[in-house]
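In case you want the letters, here they are:
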Amino acid sequence: QVQLVESGGGLVQAGGSLRLSCAGSGRTFSGYAMGWFRQAPGKEHEFVAAISRSGGSTYYTDSVKGRFTISRDNAKNTVYLQMNSLKPEDTAVYYCAADPLVFTSKTQVKYWGQGTQVTVSS
C-alpha cells in the first residue's frame, strides 16, 4: 500500500510555470508506476501524464505534450510534474496516482492522492 500527498499547486498567470510534487509513503515506491490526473469543474478526471517504475518511460496526453514534464526520484519517494507555458484551460484539481502497472486511464489506478488546486489566470 502507498499513501500519496501532493503539493505545489497555486495561482499563476497564463504563460507561467508551476511544479507539482507528490510524496509517496512506504518502502516500495519504486514498485509503482506514477502519474497525474486532473479534474476541472463539471468535468471528468482527465489523464495528464504517467511514468514507469524506473522512470525510463513517460506518457502524456496530447494537450500537455511539450509543456509538461513528469519525472521521479525513487530515492526521495517523489514524483514531479513540471508545468510550463500554462494556459487557463489547465485550471483543475491535480491528483497524483499510483499503480503497480503503468496507466493512462483512471480505471487502472489503485491509489490516489487528495489533490492540489492549480488555477491559471488569463
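Not measured: the values here are computed from a predicted model. (Residues numbered from 1 in each chain as written. Predicted model: local features only at pLDDT ≥ 70, side-chain atom pairs only at ≥ 80, totals over all residues. Heavy atoms only, no water.)

Caption draft 1: Seen up close, the overall build of the protein chain. The secondary structure content of the protein chain amounts to 0 helices and 11 strands. Along its sequence from the N terminus, the protein chain presents helices and strands in the succession β-β-β-β-β-β-β-β-β-β-β. Here the protein chain has a C-alpha radius of gyration of 13 Å; the compact-globule value for 122 residues is 14 Å, and the two agree. Its C-alpha atoms give the protein chain principal-axis dimensions of roughly 40 × 25 × 25 Å. Counting only residues that meet the buried cut, the protein chain has 44% of its 122 residues in that class. Here the analysis covers contacts within the protein chain between residues at least 6 apart in sequence; of these, 57% occur between residues at least 24 apart. (Helix = DSSP H or I, 4+ residues; strand = E, 2+ residues; numbered from the N terminus. Rg over C-alpha atoms; globule rule 2.2 N^0.38 Å. Buried < 20%, exposed > 50% of the residue type's maximum accessible area, 1.4 Å probe, protein only. Contact = heavy atoms within 4.5 Å.)

Caption draft 2: Seen up close, the pairing of strand 5 (residues 46–51). With 5 of 6 residues buried, strand 5 lies mostly within the body of the structure. Direction of pairing for strand 4 (residues 33–39) relative to strand 5: antiparallel, over a ladder of 5 bridges. For arginine 38, the partnering residue across the bridge sits in strand 5 and is glutamate 46. Between strand 4 and strand 5, which pair antiparallel in sequence order, lie 6 residues; one of them, glycine 42, sits at a positive phi of approximately 75°. Here strand 5 runs beside strand 6 (residues 58–60); their pairing, made up of 3 bridges, is antiparallel. The residue of strand 6 that forms the bridge with isoleucine 51 is threonine 58. If you look at the hairpin formed by strand 5 and strand 6, you'll find 6 residues sitting between the two strands, and glycine 55 has a positive phi there, around 90°. (Pairing = 2+ DSSP bridges.)

Caption draft 3: Here's a closer look at the nonpolar core. Ranked by size, the top nonpolar core spans 28 residues in total, and within it Met34, Trp36, Val79, Leu81, Met83 and Tyr94 carry the most contacts. Going through the elements one at a time, strand 3 (18–24), strand 4, strand 5, strand 7 (68–73), strand 8 (78–83), strand 9 (92–99) and strand 11 (116–121) are the ones with two or more residues in this core. No other element matches the 4 residues that strand 9 contributes to this core. Every residue in contact with methionine 83, bar those within four places of it in the chain, is listed here: Gly16, Ser17, Leu18, Leu20, Arg67, Phe68, Tyr94 and Val118. Core analysis: the next-biggest nonpolar cluster, separate from the first, contains 7 residues, Phe37, Phe47, Ala50 and Val109 among them. (Core = buried A, V, L, I, M, F, W, Y, C linked by side-chain atoms within 4.5 Å.)

Caption draft 4: Structural view of the sheet that holds strand 3. Taking strand neighbours across the sheet as the criterion, the 4 strands line up as 1-3-8-7 in an open arrangement whose pairing is antiparallel. Two strands lie at the open edges of the sheet, namely strand 1 (4–7) and strand 7, each paired on one side alone. Each adjacent strand pair in this sheet contributes to an overall mean axis angle of 15°, direction not counted. Direction of pairing for strand 1 relative to strand 3: antiparallel, over a ladder of 4 bridges. In the sheet register, leucine 4 faces strand 3, and the bridge partner there is glycine 24. (Axes fitted to C-alpha atoms, helices over the stretch in contact; angles between N-to-C directions.)

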